[in-house]
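Chain and residue survey
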Amino acid sequence: MIQVSEKAKLKAIELMKEDGFDASKDFIRVGVKSGGCSGLSYDLSFDNEEKENDKVFENNDIKIVVDKKSFLYLVGTELDYSGGLNGTGFVFKNPNANRTCGCGESFSL
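Residues numbered from 1 in each chain as written. Predicted model: local features only at pLDDT ≥ 70, side-chain atom pairs only at ≥ 80, totals over all residues. Heavy atoms only, no water.

Concerning the pattern of salt bridges
To keep it simple, the criterion reads: Here, a salt bridge means any Lys or Arg side-chain nitrogen found within 4 Å of an Asp or Glu carboxyl oxygen. Each helix is a run of DSSP H or I of at least 4 residues and each strand a run of E of at least 2, with the numbering of both proceeding from the N terminus. A 1.4 Å probe rolled over the protein chains alone gives each residue an accessible area, and that area as a share of the maximum for its type sets the label: buried under 20%, exposed over 50%, partly exposed in between.
Tallied over the full model, the rule gives 6 salt bridges. Asp54 serves as the salt-bridge partner of Arg29, at 2.9 Å between the closest nitrogen and oxygen. Separated by 25 residues along the polypeptide, Arg29 in strand 2 (residues 27-34) and Asp54 in strand 4 (residues 54-59) bring together distant segments of the chain. Here Arg29 matches Asp54 in class, with each residue buried.

Focus on the nonpolar core
This is how the line gets drawn: Residues belong to one nonpolar core when they are buried, are Ala, Val, Leu, Ile, Met, Phe, Trp, Tyr or Cys, and are joined through side-chain atoms within 4.5 Å. Two residues form a contact once any of their heavy atoms are found within 4.5 Å.
Ranked by size, the top nonpolar core spans 21 residues in total, and within it Ile28, Val30, Ile64, Val66, Leu74 and Leu79 carry the most contacts. Those elements that place two or more of their residues in this core are helix 1 (6-18), strand 2, strand 3 (40-47), strand 5 (62-67), helix 2 (68-74) and strand 6 (78-84). Here Ile64 is in contact with Ile2, Val4, Ile28, Val30, Lys55, Val56, Phe57 and Leu79, once residues within four sequence places are set aside.

Details of the packing of aromatic side chains
Rules: Only Phe, Tyr and Trp rings take part, Trp by its six-membered ring, and two of them pair if their centres are within 6.5 Å. Stacked means planes under 30 degrees apart, edge-to-face means over 60, and tilted covers everything else.
Enumeration according to the criterion identifies 4 aromatic pairs in this entry. Judged by centre distance (4.0 Å) and plane angle (10 degrees), the ring pair of Tyr42 and Phe92 falls under stacked. Here Phe92 lies in strand 7 (residues 87-93) and Tyr42 lies in strand 3, a separation of 50 residues in the sequence. The buried category is assigned to Tyr42, whose relative accessible area is 11%. Taking the relative accessible area as the measure of exposure, Phe92 reaches 14% and is therefore buried.

Digging into helix 1
Because an α-helix packs 3.6 residues into every turn, residues spaced three or four apart end up facing the same way. Selection rule: What a helix should span is 1.5 Å times the count of its residues minus one.
Between its first and last C-alpha, helix 1 extends 19 Å over 13 residues, near the 18 Å set by a 1.5 Å rise per residue. Positive backbone phi, approximately 85 degrees, marks Gly20, located one or two places after helix 1.

Regarding the side chain of Arg29
Rules: Definition of a polar contact: a pair of N or O atoms within 3.5 Å, with one able to donate and the other able to accept a hydrogen when the atoms are protein atoms, and with sequence-neighbouring residues admitted only if both atoms are side-chain atoms.
Note on Arg29: relative accessible area 12%, which makes it buried. Polar contacts involving the side chain of Arg29 include one to the side chain of Asp54, which spans 2.9 Å. Among all residues touching Arg29, those that are not within four sequence positions of it are Asp43, Leu44, Ser45, Asp47, Glu49, Glu50, Lys51, Asp54 and Val65.

Points about the environment of Asp80
Here Asp80 is to be found in strand 6. Through-space distance from the C-alpha of Asp80 to that of Ala12 is 10.0 Å; in sequence the pair is 68 residues apart. Residues contacting Asp80, with those up to four places away along its chain left out, are Ser5, Lys7, Ala8, Gly89, Phe90, Val91 and Lys93. Of the polar contacts made by the side chain of Asp80, one reaches the side chain of Lys93; its length is 3.0 Å.

On their own, these measurements won't tell you what the molecule is for.
Structural data, given as structure tokens:
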């Protein structure tokens, strides 16, 4: 399961609305792809169409969809949002990551 912090929830609802999505029925698609300075990077987008091998979760009134392959890397992850001096954006707190890069956008196991 993927947890969604209150800050991430509020920002996701705001951004989904700006992009023409409805947080009450659409969702955040979270995935992992090869790349980044640590080997794997996170992929985050808004979507409204589930695929055959998707895993669906709902936390803090936000629906999260993860493809089967990415799910193995993301079990127990918390999606947070940071608006601090070190940068603004969604932050993944992934307990499975052994190493992350300085910007937090990529990781390795």
